[in-house]
Amino acid sequence: MNYVLSVINPYGANIMKKICEELNLPIVLSSPCKGTATRNMLDLLGMESRDRRLFMTVASTEQTKELIQEQRKRLYIDAPGNGVTLGVPIKSVGGAKTLSFLSNGQNVKGAPTLNYDYELILVIANQGATDQIMDAARSAGARGGTVIHGLGTGSKNAEKFYKVSIASEKEVILIVSAADQKAAIMKAIIEKAGPDTKAGAITFSLPVSEIAGFGIGQQAEK
């Protein structure tokens with residue numbers, strides 16, 4: 001099973017909801033977010049806004065492939081600026097009933113393979129640090145990212161860790177990277193916007209089993 005994240009243009013939200021209903025996906029959550037494209041890139045793509053919508057759901061391997069296929073047909077997700085979808089393998093689930101619910105009663109066994117061509121880099125940083133982080137990431141080969149606004153809920157002790165204030169306004173930046181570029185991108189972020197800087201960024205990565213959008217998934221499908 002995969003935890004599937006889809007970043008799409010807001011006008012496609014209703015279509016995305018319909019696709020999820022047709023595929024009987026058990027849990028669908030959505031949240032407003034923003035892209036990190038520069039003004040020049042927006043002009044090149046003929047876009048006026050960075051506004052995006054993030055959809056999160058759980059899907060089997062086959063449902064993930066079907067979801068991507070429908071997004072390509074109905075949301076044109078492979079066209080520049082139309083979004084990206086990626087599947088993060090779920091390693092464990094809390095209990096048999098939860099597994100049955102998430103898999104629609106299908107028999108799912110075994111832990112997933114975690115060696116894939118792409119990875120999802122997550123960066124948690126102080127509010128207003130996105131440009132600093134993306135400049136660092138792009139210097140190491142990153143193509144772009146998606147920003148979600150959040151509020152930390154860390155304990156008082158956690159707030160003092162590396163001088164990073166956990167319980168404050170945060171930006172979560174999602175960056176899809178080829179596996180062989182991941183280390184360089186994360187290193188650049190830590191060196192230029194890490195915990196000892198004003199950005200206070202901490203970062204980690206997750207494997208990506210399925211990917212589509214903006215042409216970056218072509219290699220994974222070969």
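Residues numbered from 1 in each chain as written. Predicted model: local features only at pLDDT ≥ 70, side-chain atom pairs only at ≥ 80, totals over all residues. Heavy atoms only, no water.

Moving on: the packing of helix α5 (residues 130-139) against helix α7 (residues 179-193). Where α5 meets α7, the closest approach of the two axes is 8 Å, and the angle between their N-to-C directions is 140°. Judged by the inter-axis angle, α5 sits oblique to α7. Read as a crossing pair, α5 and α7 show a hand that is right-handed. Along the contact surface, α5 presents Gln 132, Ile 133, Ala 136, Ala 137 and Ser 139, while α7 presents Ile 185, Ala 188, Ile 189, Lys 192 and Ala 193. For the contact of α5 with α7, a count of residues per class yields seven nonpolar, two polar and one charged. (Axes fitted to C-alpha atoms, helices over the stretch in contact; angles between N-to-C directions. Helix = DSSP H or I, 4+ residues; strand = E, 2+ residues; numbered from the N terminus. Parallel < 35°, antiparallel > 145°, perpendicular 65-115°, else oblique. Left-handed = near helix turned anticlockwise from the far one by under 90°. Contact = heavy atoms within 4.5 Å. Nonpolar A, V, L, I, M, F, W, Y, C, P; charged D, E, K, R; others polar.)

So, on to a nonpolar patch on the surface. Taken together, Tyr 3, Ile 27, Leu 29 and Phe 101 make up a surface patch of nonpolar side chains, about 350 Å² in accessible area. Its location among the elements puts Leu 29 in strand β2 (residues 28-35). Judged by relative accessible area, Leu 29 falls into the partly exposed class, the value being 47%. (Patch = residues over 30% accessible without salt bridge, like charges linked within 9 Å, V, L, I, M, F, W, Y side chains within 5 Å. Areas by Shrake-Rupley, 256 points an atom, 1.4 Å probe, with all protein chains shown as cover. Salt bridge = Lys/Arg side-chain N within 4 Å of Asp/Glu carboxyl O. Buried < 20%, exposed > 50% of the residue type's maximum accessible area, 1.4 Å probe, protein only.)

This part is about unusual backbone geometry. Only a minority of non-glycine residues have a phi that is not negative, and only a minority of peptide bonds are not trans. Positive phi is not limited to glycine here, since Asn 24 has a value of about 55°. Relative to the helices and strands, Asn 24 is located in the loop between α1 (13-22) and β2. Since its relative accessible area comes to 51%, Asn 24 is described here as exposed. Unusually for a residue other than glycine, Tyr 76 sits at a positive phi of about 50°. One can find Tyr 76 in the loop between α3 (61-74) and β4 (83-89).

With that settled, the discussion passes to the environment of Gly 141. Tracing the backbone through its elements, the reader meets Gly 141 in the loop between α5 and β6 (146-151). Taking relative accessible area as the criterion, Gly 141 reaches 31% and is therefore assigned partly exposed. The spacing of Gly 141 and Ala 178 is 37 residues in sequence and 9.5 Å in space, taken between C-alpha atoms. Filtering out sequence-adjacent residues up to four positions away, Gly 141 remains in contact with Gln 181 and Ile 185.

Tracing the chain through its elements places Asn 82 in the loop between α3 and β4. A distance of 3.4 Å separates polar atoms of two side chains, one belonging to Asn 82 and the other to Asn 9. A polar atom in the side chain of Asn 82 sits 2.9 Å from the backbone oxygen of Tyr 76. Asn 82 has contacts with Val 7, Ile 8, Asn 9, Tyr 11, Leu 75, Tyr 76 and Ile 77, leaving out every residue within four places of it along the chain. (Polar contact = N/O pair within 3.5 Å; in protein donor to acceptor, adjacent residues only side chain to side chain.)

The subject of this paragraph is the nonpolar core. Counting residues in each nonpolar core, the largest one holds 19 residues, and the members touching the most others are Val 123, Ile 133, Ile 173, Ile 175, Ile 185 and Ile 189. When contributions to this core are tallied by element, the ones reaching two or more residues are β5 (118-126), α5, β7 (169-178) and α7. With five residues, α7 is the single largest residue contributor to this core. Look past the residues within four positions of Ile 173 in its chain and what remains in contact with it is Ile 121, Leu 122, Val 123, Thr 130, Ile 133, Met 134, Thr 146 and Val 147. (Core = buried A, V, L, I, M, F, W, Y, C linked by side-chain atoms within 4.5 Å.)

Turning our attention to the environment of Ser 209. Its location among the elements puts Ser 209 in the loop between β8 (202-208) and β9 (210-212). In this structure the C-alpha to C-alpha distance between Ser 209 and Thr 61, which are 148 residues apart in sequence, comes to 8.9 Å. Contacts of Ser 209, omitting those with residues within four sequence positions, involve Asn 2, Gly 87, Pro 89 and Tyr 116. A polar atom in the side chain of Ser 209 sits 2.7 Å from the side chain of Asn 2.

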